[in-house]
Amino acid sequence: SARNQPAGSRRERSINSTMFAARSLARTTLTAARTGATVTQRRSNQTIPKLGSPAEMEAEAIAHLRARVRRQKEIMDATHKSEAEEVEEMWKWIKISAVVAAPVCVLSILKDMFFVEHVHRPHGPLPEYMNIQTKEFPWECETCALFDLECWKKCREERAGN
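Sequence order as written defines the numbering, with residues in each chain counted from 1. Side-chain atom pairs in this predicted model are given and counted only at pLDDT of 80 or more, local residue features only at pLDDT of at least 70, and totals for whole chains, interfaces and linings cover all residues. As a rule here, side-chain values come from all non-hydrogen atoms in the structure, and water together with hydrogens is ignored.

## Quick word on the pattern of salt bridges
Moving on, step 1. Put simply, a salt bridge is a Lys or Arg side-chain nitrogen that is within 4 Å of an Asp or Glu carboxyl oxygen. Taken as a whole, this structure holds five salt bridges when the rule is applied.
Moving on, step 2. Residue arginine 159 is joined to glutamate 142 by a salt bridge in which the shortest nitrogen-to-oxygen separation is 3.8 Å. With arginine 159 in helix α4 (residues 149-161) and glutamate 142 in the loop between α3 (83-115) and α4, this pair connects stretches of sequence that are 17 residues apart. Working definition: helices are DSSP H or I runs of at least four residues, strands are E runs of at least two. Numbering for both runs from the N terminus.

And the structure:
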């Protein structure tokens, strides 16, 4: 494991990884300079302190944290809007939504009222294929569907007459 190895080999790995990162950054910068592109900073939340005494490692970790906080403050300063600006933006989108949604709703209602035929159940007995009943219903009029009011009326009249 890494703990059993001498400190020199761990330090060499740290130096090698630092050199690799620097070499990679240099290549990216050169490629961007040749093509005229802008260099974007690669962001990482992983920080590995260099090996040293505990006090040096702690100081470096604190420096990393301060740098991250400073970067976050820069981002906030660049993108921050006041509460009044945020509320104004919110009301702008509420108004846009209302201006778009209200006519769409009104037009869809008018379309349904004037152009779409509202179909009801046909009057009279149902065709055989629509009136298949494999068992009796579990209420007082066993042959009547739940919302078939005419059938219920006839069934109750028959029961009252018997």
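## Focus: a nonpolar patch on the surface
Moving on, step 1. A cluster of nonpolar side chains, namely Val106, Leu107, Ile109, Leu110, Met113, Phe114, Phe115 and Val116, defines an oily patch on the protein surface of about 880 Å² accessible area.
Moving on, step 2. Mapped onto the elements, phenylalanine 114 comes out in helix α3. Put simply, a patch holds well-exposed residues, over 30% relative accessible area, that have no salt bridge, with like charges counted together within 9 Å and Val, Leu, Ile, Met, Phe, Trp or Tyr side chains within 5 Å. Note on areas: Shrake-Rupley, 1.4 Å probe, and residue coverage restricted to the protein chains presented here.

## Remarks on the state of the cysteines
Moving on, step 1. Disulfide assignment relies on a single distance test, namely cysteine sulfur atoms paired within 2.5 Å. All told, the structure shown has two disulfides when counted by the stated rule.
Moving on, step 2. At a sulfur-sulfur separation of 2.1 Å, the disulfide partner of cysteine 141 is cysteine 155. Measuring handedness by torsion sign, the sulfur bridge of cysteine 141 and cysteine 155 sits at about -95° and is left-handed. Residue cysteine 141 is found in the loop between α3 and α4, and its partner cysteine 155 is found in helix α4; the two are separated by 14 residues along the sequence.
Moving on, step 3. The classification of residues rests on relative accessible area computed with a 1.4 Å probe and restricted to protein chains. Under 20% of the type maximum is buried, over 50% is exposed, and intermediate values are partly exposed. The exposure class of cysteine 155 is buried, given its relative accessible area of 13%.
Moving on, step 4. Cysteines bonded in the protein are numbered consecutively along the chain; their disulfide partners then correspond to 1-4, 2-3.

## So, the confidence of the model for the protein
Moving on, step 1. Each residue carries a pLDDT value, the predictor's own confidence for that position, ranging from 0 to 100. Overall, the predicted model of the protein reaches an average pLDDT of 79, with 70% of residues at or above 70.
Moving on, step 2. By mean pLDDT, the top-scoring element of the protein is α3 (93), and the lowest-scoring one is helix α1 (residues 7-35) (63).

## Section: the packing of aromatic side chains
Moving on, step 1. Between 30 and 60 degrees the pair is tilted, below 30 it is stacked and above 60 it is edge-to-face, where a pair is any two Phe, Tyr or Trp rings, Trp via its six-membered ring, whose centres lie within 6.5 Å. Counted by the stated rule, this structure contains two aromatic pairs.
Moving on, step 2. Note on phenylalanine 137 and tryptophan 139: the rings are 5.0 Å apart at their centroids and 10° apart in plane angle, and the pair reads as stacked.
Moving on, step 3. Relative accessible area serves as the criterion here: at 28%, phenylalanine 137 is assigned to the partly exposed category.
Moving on, step 4. One aromatic cluster in this structure is built from Phe137, Trp139 and Trp152.

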